[in-house]
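An overview of the molecular structure
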Amino acid sequence: VNLYAICMLWFRAQTEPRHYRFIRMGFAIFLYLLPLACRGEWWAFISACGLFLAGAALFVADPWLAGWGHGGFHLLLVPFHYVIMNYSMA
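This text gives an overview of the structure that appears in the document.

Procedures and definitions
Residues numbered from 1 in each chain as written. Predicted model: local features only at pLDDT ≥ 70, side-chain atom pairs only at ≥ 80, totals over all residues. Heavy atoms only, no water. Salt bridge = Lys/Arg side-chain N within 4 Å of Asp/Glu carboxyl O. Buried < 20%, exposed > 50% of the residue type's maximum accessible area, 1.4 Å probe, protein only. Patch = residues over 30% accessible without salt bridge, like charges linked within 9 Å, V, L, I, M, F, W, Y side chains within 5 Å. Areas by Shrake-Rupley, 256 points an atom, 1.4 Å probe, with all protein chains shown as cover. Helix = DSSP H or I, 4+ residues; strand = E, 2+ residues; numbered from the N terminus.

1. Regarding the pattern of salt bridges
- All chains considered together, the criterion is met by 2 salt bridges.
- With a closest N to O distance of 2.8 Å, Glu16 and Arg24 form a salt bridge. Across this residue pair, the class does not change: Glu16 and Arg24 are buried.
- Close ionic contact of Glu41 with Arg39 constitutes a salt bridge, the shortest N to O distance being 3.5 Å.

Next comes the structure, spelled out in structure tokens:
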């Protein structure tokens with residue numbers, strides 16, 4: 001999945017619609033979080049998905065937030081990774 005996404009970035013970065021990148025990224029994040037769901041860690045899975053969707057909403061709202069949406073997305077990655085690491089080590 002990642003190799004495909006990297007190749008698409010290299011070869012179609014100028015011609016591909018922007019939202020296709022977000023679809024690939026969302027699919028990759030879903031695959032990344034799937035082991036949490038398979039282990040039955042539903043609170044962690046739903047929390048991580050919610051944090052990612054909140055960050056994605058900030059990223060989409062970036063034009064209205066005067067460029068601060070992207071930074072907000074990265075700030076939400078801190079609790080996102082905390083949830084993942086907390087339940088991965090349990």
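2. Side note on a nonpolar patch on the surface
- A contiguous nonpolar surface patch, about 500 Å² in accessible area, is contributed by Ile6, Leu9, Trp10 and Phe11.
- Tracing the backbone shows Trp10 in helix α1 (residues 2–12).

3. Things to note about unusual backbone geometry
- If you check the backbone angles, Ala66 has positive phi at about 55° while not being a glycine.
- Considering the arrangement of structural elements, one finds Ala66 in the loop between α3 (42–60) and α4 (68–88).

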